[in-house]
Amino acid sequence: MKNLVKISIVAVVILFFTACKNDKKETDLKEGHSNEMNMENEHDMNGTSADMATDQKSDLTNQIVESYLQLKNALVTDNQKTAADAGKDLLKSFESFDMTQLNDAQHKEYMEIAETAKEHAEHIIKSDINHQREHFEFLSTDINDLITLVGTNKTLYQVFCPMYNNNKGAIWLSEIKEIKNPFFGSKMIDCGKIQKQIN
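Throughout, a residue's number is its position along its own chain's written sequence, starting from 1. Totals for whole chains, interfaces and linings use all residues, but because this is a predicted model, local features are given only for residues with pLDDT of at least 70 and pairs of side-chain atoms are given and counted only at 80 or more. Processing note: side-chain calculations cover all non-hydrogen atoms of the structure and skip hydrogens and water entirely.

## Here's the deal with the pattern of salt bridges
Salt bridge criterion: a side-chain nitrogen from Lys or Arg within 4 Å of a carboxyl oxygen from Asp or Glu. Following the criterion strictly, the structure yields seven salt bridges and no others. Measuring nitrogen to oxygen at the nearest pair gives 2.7 Å for the salt bridge that ties aspartate 78 to arginine 133. Taken together, the residues aspartate 78 in the loop between helix H2 (62-76) and helix H3 (80-95) and arginine 133 in helix H5 (residues 129-150) connect sequence positions 55 residues apart. Only protein chains enter the accessibility calculation, which uses a 1.4 Å probe; a residue whose area is less than 20% of its type maximum is buried, one above 50% is exposed, and one in between is partly exposed. Overall, the relative accessible area of 7% leaves arginine 133 in the buried class. Between aspartate 85 and lysine 88 there is a salt bridge; the shortest N-O distance is 4.0 Å. Placement of both aspartate 85 and lysine 88 in helix H3 is noted, with a separation of three residues, approximately one turn of the helix. Judged by relative accessible area, aspartate 85 falls into the partly exposed class, the value being 30%. Salt bridges sharing common partners tie together Lys81, Asp85 and Lys88. Labels follow the DSSP assignment, with helices taken as runs of H or I lasting at least four residues and strands as runs of E lasting at least two, numbered in each case from the N terminus.

Right under this line is the structure:
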């Protein structure tokens, strides 16, 4: 009888620990799957992982990037005239870009990017500040595409403003980590979040 009780107790203990182990495995699997899903969702939402850095280095885009940053900083300070002047500099920068350094595939894509970027720069030169900001949104995408295509040796940050364009959101590129929003300027200067570092 005593042996039977002992065997029963041992059996219960074994069952208890086995159940705990299985529960833990299932929990670990669920958590692992959940973390994986979260990472995938984050990737899908941003188009890239938040801490991913683009590291292709090139000085070919330096002049274009500098002109773009002057334009961005003018819009941050609500300065329409300086933004227009930066738009002129940007046009010159595209005109002096050395396309001979590009391969055939890059050349074709560069021409498409440059065509739309120059069109937006032309609008920025002759527009009021609200219209400048509308074109700056598309210009930022063009410059981002250009850097993805050719690279840069500058450290830049891709910043996202979720509230611009009726909460559709838009990106811009910045040379500093501090958020200074070119879409809203002084009205909402610190609206934005760094999505990734470039270089």
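## Quick word on the packing of aromatic side chains
The aromatic pairing rule takes the rings of Phe, Tyr and Trp, using the six-membered ring of Trp, and pairs them if the centres are within 6.5 Å, calling planes under 30 degrees apart stacked, those over 60 edge-to-face and the rest tilted. Evaluated as defined, the whole model comprises seven aromatic pairs. On the numbers, 4.3 Å between centres and 25° between planes, the contact of tyrosine 164 with phenylalanine 183 is stacked. Residue tyrosine 164 is located in helix H6 (residues 164-167), and its partner phenylalanine 183 is located in the loop between strand S3 (170-174) and strand S4 (193-198); the two are separated by 19 residues in the primary sequence. Residue phenylalanine 183 is classed as buried on the basis of its relative accessible area of 3%.

## Thoughts on unusual backbone geometry
In the Ramachandran plot, asparagine 165 falls in the positive-phi region, its phi being about 60° despite a non-glycine side chain. Judged by relative accessible area, which is 30%, asparagine 165 ranks as partly exposed. Located in the positive-phi region is asparagine 167, a residue other than glycine, with phi close to 65°. Tracing the sequence through the fold places asparagine 167 in helix H6. By relative accessible area, which is 58% here, asparagine 167 ends up exposed.

## A closer look at H5
The span expected for a helix works out to 1.5 Å for each residue beyond the first. Over its 22 residues, H5 runs 30 Å from end to end, which matches the ideal 32 Å to within 8%, given 1.5 Å per residue. By definition, a residue's bend is the angle between the axes fitted to the seven residues ending there and the seven starting there. At glutamate 137, H5 shows its strongest bend, of approximately 25°. Under the rule applied, a polar contact is a pair of N or O atoms within 3.5 Å (in protein, one hydrogen donor and one hydrogen acceptor; residues adjacent in sequence only if both atoms are side-chain atoms). Measuring from the side-chain oxygen of the N-cap residue of H5 to the backbone nitrogen of asparagine 130 gives 3.0 Å; that N-cap residue is aspartate 128. Following H5 by one or two positions, glycine 151 has its phi on the positive side, about 100°.

## Concerning the side chain of histidine 120
Mapped onto the secondary structure, histidine 120 falls in helix H4 (residues 104-126). Residue contacts are defined here by distance: any two heavy atoms, one from each residue, within 4.5 Å place the two residues in contact. For histidine 120, the contacting residues outside a window of four places in its chain are His135, Phe138, Leu139 and Asp142.

## Section: the environment of lysine 187
Residue position: lysine 187 is located in the loop between S3 and S4. Considering only alpha carbons, one finds lysine 187 and aspartate 78, 109 residues apart in sequence, at a separation of 9.4 Å.

## As for the packing of H2 against H3
For any two helices packed against each other, one specifies the inter-axial angle together with the distance between the axes. Whenever a helix is involved, its axis is fitted only over the stretch in contact; in every case the axis is a line through C-alpha atoms, and angles between N-to-C directions fall within 0 to 180 degrees. Between H2 and H3, the least distance of the axes is 8 Å, while the angle of their chain directions is 170°. If you check the angle between H2 and H3, you find them roughly antiparallel. Seen from H2, the contacting residues are Gln63, Ile64, Ser67, Tyr68, Gln70, Leu71, Ala74 and Leu75; seen from H3, they are Thr82, Ala83, Ala86, Asp89, Leu90, Ser93 and Phe94. Amino acids outside the nonpolar list (Ala, Val, Leu, Ile, Met, Phe, Trp, Tyr, Cys, Pro) and the charged list (Asp, Glu, Lys, Arg) are all regarded as polar, and Gly is one of them. Per-class residue counts for the contact of H2 with H3 are nine nonpolar, five polar and one charged. Note that the term roughly parallel is reserved for angles under 35 degrees, roughly antiparallel for angles over 145, roughly perpendicular for angles of 65 to 115, and oblique for everything else.

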